[in-house]
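An overview of the molecular structure
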Amino acid sequence: MQIQINTDHNIEGHEALSARVSGIVESAFSQISDHITRVEVHLSDENSDKKHGNDDMRCMMEARLEGRQPVAVTHHAKTLDQAVDGAADKLCRLIDSTLGRLRDQKGHRD
């Protein structure tokens, strides 16, 4: 599973941030990583031109499943770590649901 991390011009995309985000993604998808070819993470600070706002950190996360269309989610939070955790949780549930439907469809083909 490849992990690609993108940041907007308001967030410094240094190695420590990349390592932290990669760790969260790898941990969240460890049970289903065989089905995922790539995860793209897009981090942005939506209110950077203002001082501080509630939930202004945004994480959009997209997973590419083998043989399927990509699936994506977005999560807003106060911190980048919370945004990444929330997006990873949402995406993991979406992928579980998608894979469950695929298993059900294959099981009902007689």
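Computed from a prediction, not measured in an experiment: that's the story for all the values here.

Here the focus is the overall build of the protein. Looking only at helices and strands, the protein has two helices and four strands in total. When burial is assessed residue by residue, the protein has 35% of its 110 residues classed as buried. Total accessible area on the protein stands at roughly 6900 Å², and carbon and sulfur atoms take up 43% of it.

Now for the side chain of Asp56. Locating Asp56 in the fold gives a position in the loop between strand E2 (36-45) and strand E3 (57-65). In this structure, Asp56 is in contact with Ser44, Asp45, Glu46, Asn47, Ala77 and Lys78, ignoring residues within four places of it in sequence.

Here we take up the nonpolar core. With 29 residues, the main nonpolar core has Phe29, Leu43, Met61 and Ile95 as its most contacted residues. No other element matches helix H2 (residues 80-107), which puts ten residues into this core. Look past the residues within four positions of Ile95 in its chain and what remains in contact with it is Phe29, Ile32, Ile36, Ala63, Leu65 and Val71.

Regions with low pLDDT carry predicted coordinates that are not meant to be interpreted in detail. When the pLDDT values of the protein are averaged, the result is 88; 88% of them are 70 or greater. Per-element mean pLDDT across the protein ranges from 87 in H2 up to 97 in strand E4 (residues 71-77).

In this section: helix H1 (residues 15-28). For H1, which comprises 14 residues, the first-to-last C-alpha distance of 20 Å matches the rise-based estimate of 20 Å (1.5 Å per residue) to within 8%. For H1, the set of buried residues is Leu17, Val21, Ser22, Ile24 and Val25. For H1, the arc enclosing every buried residue in end-on projection is 160 degrees, short of the 170-degree limit, so these residues lie on one face. In this structure, H1 carries Glu15, Ala19 and Ser27 as exposed residues pointing more than 90 degrees from its buried face.

Okay, the environment of Glu12 next. Take Glu12: it is sitting in the loop between strand E1 (2-7) and H1. For Glu12, a relative accessible area of 64% translates into the label exposed.

As enumerated under the stated definition, the model contains six salt bridges in all. Across the pair Arg20 and Asp81 runs a salt bridge whose closest N-O atoms are separated by 2.8 Å. A residue pair is termed long-range when its members are at least 10 positions apart, and Arg20 in helix H1 and Asp81 in helix H2 qualify at 61 residues. Exposure remark for Arg20: the relative accessible area of 38% places this residue in the partly exposed category. Taking the shortest distance from any N to any O, the salt bridge between Arg93 and Asp89 comes out at 3.5 Å. Note that Arg93 and Asp89 are positioned in helix H2 at a spacing of four residues, about one turn of the helix. It is possible to trace a salt-bridge network through shared partners that takes in Arg38, Glu40, Glu62 and Arg64.

Reading the values: rules and limits
- Residues numbered from 1 in each chain as written.
- Predicted model: local features only at pLDDT ≥ 70, side-chain atom pairs only at ≥ 80, totals over all residues.
- Heavy atoms only, no water.
- Helix = DSSP H or I, 4+ residues; strand = E, 2+ residues; numbered from the N terminus.
- Buried < 20%, exposed > 50% of the residue type's maximum accessible area, 1.4 Å probe, protein only.
- Areas by Shrake-Rupley, 256 points an atom, 1.4 Å probe, with all protein chains shown as cover.
- Contact = heavy atoms within 4.5 Å.
- Core = buried A, V, L, I, M, F, W, Y, C linked by side-chain atoms within 4.5 Å.
- pLDDT = per-residue confidence, 0-100.
- Expected span 1.5 Å × (residues − 1).
- Arc of directions from axis to C-beta.
- Salt bridge = Lys/Arg side-chain N within 4 Å of Asp/Glu carboxyl O.

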